[in-house]
Amino acid sequence: MSQSIDVAYVSELARIALTDDETKLFQGQLETIVDYVEKINGLDLDNIKPTMHGQVSTNFFRDDVVSPSLDREAVLDNAPARTDSEFKLPKIVEDA
Amino acid sequence: MEDIATLTLAGALDGLKKKEFSSVELNQALVDSIDKKDGDLKAYLKMDPEYILKQAAESDQKRAAGDDSSLLGVPIAIKDLINVKGESCSCASRQLEKYNALYDATVAAKLRYAGAVFAGRTNMDEFAMGSSTENSAFQITRNPHNLECVPGGSSGGSAAAVAGGEAIAALGTDTGGSIRQPASFCGCVGMKPSYGRVSRYGVTAYASSLDQVGPMTKTVEDAAILLKELAGFDPHDGTTLDVKVPDYQAHLTGGMKGLKIGLPKEFYVDGSDPEVSQAVLKAVESCRAAGAEIVDVSLPHTEYAIAVYYILATAEASANLARFDGVRFGHRAESPKSVFDLYAQSRAEGFGTEVKRRIILGTYVLSSGYYDAYYGKAQKARTLIREDYTKAFEKCDVLMTPVSPTPAYKIGEASQDPLKMYLGDIFTVPANLAGICGISLPCGSTRGGLPVGLQILGPAFGEERILKTAYAFEQMQGA
Amino acid sequence: MSKYLITIGLETHVHLKTHTKMFCGCATEFGSEANTHVCPVCLGYPGALPVMNGEAIKQCVIAGLMLGCEINHYSTFDRKNYFYPDMCKDYQITQMEKPLCIGGGVTIDTPEGSRRVRIHHIHQEEDAGKIIHYARHSGVDFNRCGTPLMEIVSEPDLSSPDEAMAYLHNLRQILVYAGVSECNLEEGNMRSDVNISVRPEGQEELGIRAEIKNMNTFKGIYAALEYEIERQLYIVKKGGTITQETRRWDADLGETQSMRTKENAHDYRYFPEPDLVPVTLDKEMVEQWRAALPELPAARRERMVKEYGIPEYDAGVLADEKPNADFFEIAAKLCGEFKTLSNWFMTDVMCLLSESGKTITQCSLTPKSLAELVTLVKKGVINGPTAKELLPELFNDGLMPAKMVEERGLAQVSDSGALESFMNEVFEANEKSVADYLAGKKAAAGYLTGQVMKLSRGKADPKLVNKMIAEKFAGMGG
């Protein structure tokens, strides 16, 4: 029943570059954990509604009224790289 | 002035009001105490005496001018994932070592409004992922009762500070037990409010549908005082509920008489440390002796809680922690060759092992082809767990259980086996899944001198009920 | 040689007309300095939480009602996970499972008659920021990040670039009429992803499709579709197979190009957004909104024909852009000269609009000034040519015609005494033309009229001059 987790694929999806040692370590540990969590397959879940939130309520809205934005200098100063007005990135050559 | 080690929040407020001491004196004593003890405990990631004393002086001026705000001049230690404008907020991660909070979390704004002094940033498991505070990127916090033992986690810094005489009170966060378990390990009071009771705005998210901020204090009364300040509807958090905040302190009356306490049989099984079970059962017995009615209840889906929790929490975390990408804030790898590398390298360097492990697990359970098998099922199983509690609270007022199957363990002992570590959350995780409230308070100690915690659980928005029960128990203990 | 069928579907992202972003109070204003409308929420700061803009929800529902959609009375939000530097949280809040609007459609005219293009659903989401490319680095501006968007997903019901244009044109018109978006293409208010496939006639299932991403001009979409159809047909006819992929339109080269995407690029790991509770819309409120819906373009055309007695053609031209129709109707009520007004608008005003590249709301012409101009002509205060000369100043400088006429003494000369003396002067100076006329060259009368007009500096009433000249010749026995 156990699904095999492809740590290399998933870590790429999660944008975390793993070392070979980490990949190996996680492969084993995560297989054990995945095996464990599969115990939920022992439950009969037909006709059970999913719980998606920590509490049950609906309709939480905000009025369409402008509130102050943050100071740009402070915002850009928090960035690892910046220009006068923008967040700076290495040149983007790929699409996604 | 009383020693910081025993000074309570209520006591500090009283002393300030009666002008027995000033806020500067109080905070100077706190700073001295931290200076003296934190070399051993390492509860704080950051504590700036100048900043603290400046706030204290300001609050003394305000008091002199007639201000009597509810927490005026009292220092509160803050878990390092709560944004306080102008302070650091590293979440114990390399990722946010240089991050500067540009805004106040709602709980911080409320403390500010109440006149509290922001006392320092307490250590934690990185991004609140862990049960021992060993996952901090910066330092290992030690248990004040035994320096070789962990303080629990993830709010281990707050627990150690409060229990170790380095804080009067502190804020923690609890996603699967991160307030209650360290409170139990360190021997203080820790409360996880019901989901939606306290705003999460400005609290760095681990698992959005489970996280709650709560008080960590020396007494139940202090928890009641602090919770009243933290709780309430927040227009910035769409998951808070517009339910009136009771005067919790006013509910701290009466004894055990008439109280119906449920004992969930699934929480009293083999596998727990016998010293823990004995201490908790002894506590229950004393409640019975004091007039409470003890009833057996069943929470049949408890055994699935860990599986459900580690699917849902890691999935939510995988999205919540995606934003740490080295673009707008946080760590960026040197000269990445592409945008992909910018992300993958920055995140590899910025996150610690446990965080990586959970993000990868969470990414996996949501990935194409696996959603229904894991996330979809876990959400349904969560419904069953919630229903267990709804039914149980039809039969009793509160539940009493252990907080953790073990007392504090040795540093390094559990960190090599993640699953074993996860299984230690079995008694705390269900409350988060069910959205209910819970409190942990000391009920004894092991022969080795380590504290044992008693967990009292109440229905959603039934905080006054568990506070009342905990207070009654605490009074019996003290007597 | 077998025939091929073309299938096109559109996913159109439309900015809603709110003051603030979808999940925070930052302004949605266009064209501000980079990164000045940002806050913890739309920068994805640690701990920040989204709170829904109720007005955006309302506008999305109104769009749905205008397009004939069913409104989902229970609607939820989801996280769509993907890493890109313009997406502040590295996930987008969108609606996957239970969007606000289901079904509906847009009617288009085709050579085979009018047809309903079905809409699959409309969901609400947030826009991303903007990446600016420089020679050696790229920059990100998050002002646009979090702007409310609705995504209108069509069924693959379109079979040619012309049909796609008709769909987009009519969709845009309806949304502008609904008042939920400016649909300003230059400001990127309306951007489409296009799905396109070809298959041999007789084949049931659709061909493999390519998606062309993020196009914001109708012209570009048309050209991209033409190119892509050619490309796919070329491959298929050679016996090749189309790759399912995302492509980009390069307007400079006039071609679509494959985007190199990672194999996992589409593994979006959707899951319910735990920070946003569901939206429930009670039937009564939706019915109230429905009752207050603005007119649809087609209804307006019909009404304008009926109410103003203008030809269907005129109504079609005027109602094409809602602001034009609004302008016309206000002016019509002021001057009462419906057909004349319509002529003025469709010829002279539209000419000025297209020359200046402005819209009716951007220029200085007002319904009042145009109505006044038409009235001045109708009353004979000024003649047509004078009115035409004044119009550009109304259009550019916002002047009022009656005042101009008065200040500049432009009123038409209809005083027969004054005209008589102009005429006598002309007859004396143009003996040859007079003789020509009397000799039977009737065209000479026109020349003489022109000379009288010239002498009056254009202010003479040309009809009156014609009449007087005819009478004078009659008296001369001509």
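Trainee: Quick rundown of the overall build of chain A? Include the residues and the values.
Mentor: Check the secondary structure of chain A and you find three helices and two strands. Its C-alpha atoms give chain A a radius of gyration of 22 Å, more than 25% over the compact-globule value 12 Å for 96 residues. Expressed along its principal axes, the backbone C-alpha trace of chain A runs to roughly 55 × 45 × 25 Å. Relative to its 96 residues, chain A shows a buried fraction of 45%. Chain A carries 9 positive and 19 negative side-chain charges, and their two centres are separated by 5 Å.

Trainee: An account of the pattern of salt bridges is requested, with residue identities and associated values reported.
Mentor: A complete count under the given rule lists 47 salt bridges over all chains for this structure. Here B:Lys356 ties to A:Glu22 by a salt bridge, and the two come within 2.9 Å at their closest N and O atoms. Linking B:Lys356 in helix 11 (residues 353-366) with A:Glu22 in helix 2 (residues 20-37), this pair reaches from one chain into another. Across the pair, exposure class does not vary: B:Lys356 and A:Glu22 are buried alike. For B:Asp80, the salt bridge is made with B:Arg121, and the minimal N-O distance between the two is 2.7 Å. In this pair, B:Asp80 sits in the loop between strand 2 (75-79) and helix 4 (106-113) while B:Arg121 sits in strand 3 (residues 117-122), placing the two residues 41 residues apart along the sequence. The same class applies to B:Asp80 as to B:Arg121, namely buried. Bridged by salt links that share partners, the residues C:Glu295, C:Arg300, C:Arg303, C:Glu307, C:Lys322, C:Asp326, C:Glu329 and C:Lys333 form one connected network.

Trainee: How would you explain the packing of aromatic side chains if you had to name every residue and give the values?
Mentor: All told, the structure shown has 30 aromatic pairs over all chains when counted by the stated rule. Residues B:Tyr371 and B:Tyr375 carry aromatic rings whose centres are separated by 5.3 Å and whose planes lie at 40° to one another, so their mutual orientation is tilted. The exposure class of B:Tyr375 is buried, given its relative accessible area of 1%. Ring geometry for C:Phe327 and C:Phe345: centres 5.6 Å apart, planes at 55°, overall tilted. Highlighted residues: C:Phe327 in helix 7 (residues 322-335) and C:Phe345 in helix 8 (residues 338-356), separated in sequence by 18 residues. On the basis of relative accessibility, which here comes to 1%, the residue C:Phe345 falls in the buried class.

Trainee: Mind laying out the sheet that holds strand 11 (residues 137-141) of chain C, listing which residues take part and the relevant values?
Mentor: If you trace the three strands from one edge of the open sheet to the other, you get 2(A)-11(C)-10(C), paired in antiparallel fashion. Strands at the two margins of the open sheet, each flanked by one partner only, are strand 2 (87-90) of chain A together with strand 10 (130-133) of chain C. Direction aside, the axes of adjacent strands within the sheet are offset by 30° on average. In the sheet, strand 2 of chain A pairs with strand 11 of chain C via four bridges, with the strands oriented antiparallel. Its bridge partner being in strand 11 of chain C, A:Pro90 is matched across the sheet by C:His137.

Trainee: Let's hear about the side chain of B:Glu229: which residues, and what values?
Mentor: Residue and element names in this part refer to chain B. Examined against the element boundaries, glutamate 229 turns out to sit in helix 7 (residues 220-230). There is no salt bridge for the buried glutamate 229, and the closest opposite charge comes from lysine 228, which lies 5.7 Å off by N-O distance. Among the polar contacts made by the side chain of glutamate 229, one reaches the side chain of serine 70 at a distance of 2.9 Å.

Trainee: Give a detailed account of the interface of chain A and chain B, specifying residues and quantitative values.
Mentor: Between chain A and chain B, the residue contacts involve 52 residues of the former and 65 residues of the latter. Together, the buried faces of chain A and chain B total about 5,300 Å²; carbon and sulfur atoms form 71% of this surface. Taken together, the connections running from chain A to chain B amount to two salt bridges. Counting across the chain A and chain B interface gives 15 residue pairs in polar contact (both at pLDDT 80 or more). Among the elements of the structure, helix 1 (7-13), helix 2, helix 3 (72-77) and strand 2 of chain A are those that each provide at least two residues to the side of chain A that touches chain B. The biggest single contributor to the side of chain A that touches chain B is helix 2 of chain A, with nine residues.

Trainee: Summarise the interface of chain C and chain A; cite the residues concerned and give the values.
Mentor: Across the boundary between the two partners, chain C contributes 59 residues, which contact 37 residues of chain A. Taking both partners together, chain C and chain A bury about 4,200 Å²; carbon and sulfur atoms supply 55% of that area. Applying the counting rule to chain C against chain A returns one salt bridge. Of the charged contacts in the structure, one is a salt bridge between A:Arg72 and C:Glu33, with a shortest N-O distance of 3.1 Å. Joining chain C to chain A, the criterion identifies 24 residue pairs in polar contact (both at pLDDT 80 or more). Contributions of two or more residues to the side of chain C that touches chain A are made by strand 2 (52-53), helix 1 (54-66), strand 10, strand 11 and strand 18 (279-280) of chain C. Broken down by element, the side of chain C that touches chain A gets its largest block of residues, four residues, from strand 11 of chain C. The class makeup of the residues in the side of chain C that touches chain A is 31 nonpolar, 17 polar and eleven charged.

Trainee: Lay out the pairing of strand 4 (residues 170-174) of chain B in plain terms, naming residues and giving numbers.
Mentor: Residue and element names in this part refer to chain B. Of all five residues that make up strand 4, five are buried, and the element is covered over most of its length. Burial of strand 4 is two-sided: the residues Ala170, Gly172 and Asp174 facing one way and the residues Leu171 and Thr173 facing the other way are all buried. Note: strand 2 against strand 4, two bridges, orientation parallel. Within strand 4, the residue paired with isoleucine 78 across the bridge is leucine 171. Summarising the sheet, strand 4 and strand 6 (residues 212-217) pair through five bridges and their orientation is antiparallel. Bridge assignment links aspartate 174 to a residue of strand 6, and that residue is glutamine 212.

Definitions and limits used
Residues numbered from 1 in each chain as written. Chains lettered and ligands numbered in written order. Predicted model: local features only at pLDDT ≥ 70, side-chain atom pairs only at ≥ 80, totals over all residues. Heavy atoms only, no water. Helix = DSSP H or I, 4+ residues; strand = E, 2+ residues; numbered from the N terminus. Rg over C-alpha atoms; globule rule 2.2 N^0.38 Å. Buried < 20%, exposed > 50% of the residue type's maximum accessible area, 1.4 Å probe, protein only. Lys, Arg positive; Asp, Glu negative; His and termini not counted. Charge placed at Lys NZ, Arg CZ, Asp CG, Glu CD. Salt bridge = Lys/Arg side-chain N within 4 Å of Asp/Glu carboxyl O. Phe/Tyr/Trp six-rings, centres within 6.5 Å; stacked < 30°, edge-to-face > 60°. Pairing = 2+ DSSP bridges. Axes fitted to C-alpha atoms, helices over the stretch in contact; angles between N-to-C directions. Polar contact = N/O pair within 3.5 Å; in protein donor to acceptor, adjacent residues only side chain to side chain. Contact = heavy atoms within 4.5 Å. Buried area = accessible area lost by both parts, 1.4 Å probe. Nonpolar A, V, L, I, M, F, W, Y, C, P; charged D, E, K, R; others polar.

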